[in-house]
Amino acid sequence: MDTTTGADPDPKTPDVFAEEEEHLGATLEKLAQAIDHASELFEQTNDAYRSTKFYMSENRGEIDPQEMYQNELYLKEVDRNAEIAHLSRERLVQLYDSPYFANVTFRVDGEDDAKTSYIGRFAFSHEGSIEISDWRSPVAGLFYDFDRGRAEYAAPSGLMAGTLTGKRQIKVEDSALVYAVEDDSGIRDEVMQRELSRTSDKKMRSIISSIQREQNQIIRDETGGTLVIQGVAGSGKTSIALHRIAYLLYRRKGTLSSNSVAILSPNKVFGDYIANVLPELGEEPVREMDVRTVAETMLGSNLSIAPQRYPVDEIDSAWLKRASFKGTVEFAESIASYAQRFRDEALRGVDLGFGSNTFSGSWLTERYRSYGRLTVKERIDLLASEIVAEMSSRSIGRRVEVPKKNEVRQKLNAMLAAKDALSLYRLFMAEAGSKSLFTMPAKGTVEWEDACAIAYLQSAFGGFEELAEVKHLLIDEMQDLTPMQHLLIARLFPCEKTILGDFNQTVDPTNAMTLEAMADMYGKPEVFHLRESYRSTLEINELAQRVKPVADPVFMERHGDEVRTERCGNAQGVLTKLTELIDAFEQSEFKTLGIIHKSDKVARVYYELLAGSHRVHLLSDESATFSDGVSIASVKMSKGLEFDEVIVLDADDSQYGSDYERSLLYVAVTRAMHRLTILYRDKPTPLLGL
Ligand SMILES: Nc1ncnc2c1ncn2[C@@H]1O[C@H](COP(=O)(O)OP(=O)(O)OP(=O)(O)O)[C@@H](O)[C@H]1O
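Residues numbered from 1 in each chain as written. Predicted model: local features only at pLDDT ≥ 70, side-chain atom pairs only at ≥ 80, totals over all residues. Heavy atoms only, no water.

As named in an unreviewed UniProt entry, the chain is DNA helicase, taken from Raoultibacter timonensis.

> I'm lost on the site of the ligand in this one. Help?
Surveying the vicinity of the ligand reveals 23 residues, the closest of which are Ser210, Gln215, Lys237, Arg535 and Glu642. Within the contact set of the ligand, an oxygen atom lies 2.8 Å away from a side-chain nitrogen or oxygen of Arg671. When the ligand sits alone it has 630 Å² of accessible area, and the protein chains cover 98% of it. Most atoms of the ligand, that is more than half of them, are within 2 Å of grid points of the largest cavity. Elements with a contribution of two residues or more to the shell around the ligand: helix H4 (185-197) and helix H6 (237-251). (Near = heavy atom within 4 Å. Polar contact = N/O pair within 3.5 Å; in protein donor to acceptor, adjacent residues only side chain to side chain. Areas by Shrake-Rupley, 256 points an atom, 1.4 Å probe, with all protein chains shown as cover. 1 Å grid on protein atoms, 1.4 Å probe; cavity = no way out; pocket = protein on both sides within 12 Å on 5 of 7 lines; lining within 4 Å. Sits in = over half its atoms within 2 Å of the grid points. Helix = DSSP H or I, 4+ residues; strand = E, 2+ residues; numbered from the N terminus.)

> Is there a simple way to explain helix H9 (residues 291-299) in this structure?
Spacing of three or four residues puts side chains on the same side of an α-helix, whose turn is 3.6 residues. For H9, the complete set of buried residues consists of Val291, Val294, Ala295, Met298 and Leu299. Along H9, the residues classed as buried sweep out an arc of 130° about the axis, all on the same side. Gly300, located one to two residues past H9, shows a positive phi value of around 70°. (Buried < 20%, exposed > 50% of the residue type's maximum accessible area, 1.4 Å probe, protein only. Arc of directions from axis to C-beta.)

> Looking at this model, I keep getting lost on the layout of surface pockets. Mind explaining?
Over the atoms rolls a probe the size of a water molecule, and its path tells where empty space is left. For the second largest pocket, the calculated volume is near 760 Å³. Lining the second largest pocket we find 29 residues, and of these Leu87, Arg91, Phe122, Lys253 and Gly282 sit closest to its centre. Those elements giving two or more residues to the lining of the second largest pocket turn out to be helix H1 (14-58), helix H2 (65-97), strand E3 (124-126) and H6. Per-element accounting of the lining of the second largest pocket gives the leading share, 7 residues, to H2. The residue makeup of the lining of the second largest pocket, split by class, is 14 nonpolar, 8 polar and 7 charged. (Points joined across faces, edges and corners; volume = space filled by probe spheres on them. Nonpolar A, V, L, I, M, F, W, Y, C, P; charged D, E, K, R; others polar.)

> For this particular structure, what's the right way to read the environment of Gly149?
Looking at the secondary structure, you find Gly149 in strand E5 (residues 149-155). Among residues more than four places away in sequence, those in contact with Gly149 are Gly162, Thr163 and Leu164. (Contact = heavy atoms within 4.5 Å.)

> What is the right way to read the packing of helix H11 (residues 329-345) against helix H16 (residues 448-461) from this model?
What describes two packed helices is the angle between their axes and the distance between those same axes. Between H11 and H16, the least distance of the axes is 8 Å, while the angle of their chain directions is 20°. Our classification of the angle between H11 and H16 gives roughly parallel. The hand of the H11/H16 crossing is right-handed. Across the interface between the two elements, Phe331, Ile335, Ala336, Tyr338, Ala339, Phe342 and Arg343 from H11 touch Ala453, Tyr456, Leu457, Ala460 and Phe461 from H16. When grouped by side-chain class, the residues that make up the contact of H11 with H16 number 11 nonpolar, no polar and 1 charged. (Axes fitted to C-alpha atoms, helices over the stretch in contact; angles between N-to-C directions. Parallel < 35°, antiparallel > 145°, perpendicular 65-115°, else oblique. Left-handed = near helix turned anticlockwise from the far one by under 90°.)

> Any chance you could explain unusual backbone geometry here in plain terms?
In terms of backbone geometry, most residues other than glycine have negative phi values and most peptide bonds are trans. Even without a glycine there, the phi angle at Ser175 is positive, about 65°. On the secondary structure map, Ser175 appears in the loop between strand E6 (158-173) and strand E7 (176-182). Of note, Lys524 is a non-glycine position whose phi angle comes to about 50°, a positive value. Summarising the element assignment, Lys524 is placed in the loop between helix H18 (515-521) and strand E17 (526-530).

> Can you help me understand the UniProt feature "domain: UvrD-like helicase ATP-binding" (unreviewed entry) in the chain in this one?
The feature "domain: UvrD-like helicase ATP-binding" (unreviewed entry), as annotated in UniProt, sits at residues 210-537 in this numbering. Overall, residues 210-537 shows 45% helix and 12% strand. The separation of its end C-alpha atoms is 18 Å. (UniProt positions renumbered as here; feature names shortened; annotations may be inferred.)

> What should I look at first to understand the packing of aromatic side chains in this one?
For any pair of aromatic rings, the description consists of the separation of the ring centres together with the inter-plane angle of the planes. Using the criterion set out here, one finds 15 aromatic pairs in the structure. For the ring pair Phe270 and Tyr273, a centre distance of 6.4 Å and an interplane angle of 45° mean the geometry is tilted. Of this pair, Phe270 and Tyr273 both sit in helix H7 (residues 268-273), 3 residues apart, which is roughly one turn of that helix. The exposure class assigned to Phe270 is buried, which follows from its relative accessible area of 1%. Chaining the aromatic ring pairs together yields one cluster made of Phe325, Phe331, Tyr338, Tyr425, Phe428 and Phe438. Across from the ring centre of Tyr368, 5.0 Å away, lies the NZ or CZ of Arg379, which sits over that ring. (Phe/Tyr/Trp six-rings, centres within 6.5 Å; stacked < 30°, edge-to-face > 60°. Lys NZ or Arg CZ within 6 Å of the ring centre and 35° of its normal.)

> Explanation requested: the sheet that holds strand E16 (residues 496-501) in the structure shown.
Adjacent strands of a sheet form backbone hydrogen bonds with each other and so pair up, either parallel or antiparallel. Read across the sheet, 6 strands follow the order E10-E9-E15-E16-E8-E17 without closing on themselves; strand pairing throughout is parallel. Because the sheet does not close on itself, it has two edges, and the strands there are strand E10 (287-289) and E17. Across the sheet, the mean angle from the axis of one strand to that of its neighbour is 15°, orientation sign disregarded. Across 5 bridges, strand E8 (residues 227-231) lies against E17 in parallel orientation. (Pairing = 2+ DSSP bridges.)

> Is there a simple way to think about helix H15 (residues 421-431) in this case?
For H15, the complete set of buried residues consists of Ala421, Leu422, Leu424, Tyr425, Phe428 and Met429. One face of H15 carries all of its buried residues, which in axial projection span an arc of 155°. With a side-chain oxygen positioned 3.2 Å from the backbone nitrogen of Leu422, the residue opening H15 is Asp420. Of the residues one or two after H15, Gly433 is the one with positive phi, at around 70°.

In structure tokens:
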């Protein structure tokens, strides 16, 4: 096979092909029957719905409330059934197009016969026999984890040890067999090459037919607790994390649902880019949020948060000083211990009297402290209940007025050392001798760097029950969260987490987070390191290695165009070159072109200059979608995304020199899958190693 074009493998052994073609024919017949059956079921439920609705409207006024209620219940159930029938039909139709991508033949020790299982996107049974196993099923693990020979998998009935006697890679497209070949490492390589050589889709896609062994280990890890994936650019971290969510939803049906899973993503464009993967895998989309939303939820409506500022676009050295102070692990940890101390010691008890009954200040303080790990709000509530209960018992047989709980609560609240998180933060900064590093840009508005610290302090007061409903949290681009943001997330989401990113792609010099410090914050999770990179051609990877060498990377032997580097002279020269390159892109087979600049502001200027003559999209903080065609973005906005072709703008020595600018350039060049052009105006940055 020509590895540069990524053509399909040859159906090398004709008898394997013929055998699989016959099997495919039989499977398609069964699927067709199942689709007919599902369609009938869907029609029946629809008819039942329509006739009940008709009956109800015809007889409105005559039907008694009890019957009406029964009918409403019935309608709801029919509606649910219709939805299930519709979904199952949809899946069957998808399977009909491409029912499976592999099979494994396995003989369990002690049994005479080997059994062949076909593996596909969804499971399918026909007349009581399993025709296709879901890619997440235990038996499918044989395909991902073993070569022919000794193998095992954990079936519900126990460990199945035996011999994997056959394993085939199969491709079915439009219900026709494209290839069927015995698996070996060469074939796996070919399949992977084919997958990676395709032009990009608008959105990220599922990769179930080519999940690699080291990736599968992460997807199927069920040790519980938090798992961290540190991997080089393009190693499939985001893909794997999403497949892992699909896997956990499958394995933990009943205890984990899409409503209880959340993804913390860097921005809305990225959220849109990955939105298709879970539905493609047959799962409902999960909740999406970003750190800003979490902080806003905590701060409530009294405080708003100023827009985030980025060091790349900032010349305000006072702000840089403030942001750097708040980007350290020490700052985050001292906020956390301050919050904890406040939670424990917030109540400065003073004598509290109700008629002739007094509760001494020291008793109040002591009771408040005895409530262990609870929040201020919960402790005040318990203490108020205790006082009301005590007063009730004292009132028995006596003329004592029992106070209302709310009144007691208000009096206790008045004894708190700080009334709200903002006042507490002011106290903290004053005690830390850093008062001057806290300024509010406007009344009722705090800077982004302060918001998470205040949100953390707010968590001492209470009020994050809604966030605590999340049972699994996926955090992408972990390196972009500051220590304070990580601590806030760890506090608000005490659930299991999958955290991923690449500390080589840190682009914020004010953020002092490291992998080690982050791991400590999450209680020393299991950390996986991925070194194999899949996104880019070897030519692009070699350039990326020059920009920022990462230790022991492994690159696919996939070739493409040489990386082009061109001098443009001045801004007009850049525009002329860009126009030429966009025109060439539009004539090419590529679907996505990313034009990347270091700065948000300059990316916007280029967008405005080009928008009059070309169809281009600007990716900015306000954008919500990722589309095909030409996108212009800053490095920060391009994170996590990929494009068939990338043009890096203004790669001059004046733009890229420092360590963090090296990371910015690394992120920019590693967004390219197949083609990369680097434009500079006058003198290229030495980081390119030209
Ligand atoms: N096993 C695989 N089979 C096919 N394609 C894969 C596989 N693993 C990764 N890829 C592809 O590699 C590309 C990079 O994947 P992904 O975006 O998940 O990587 P990443 O590690 O999150 O990247 P980055 O940190 O650079 O944003 C995607 O196109 C993805 O589909």
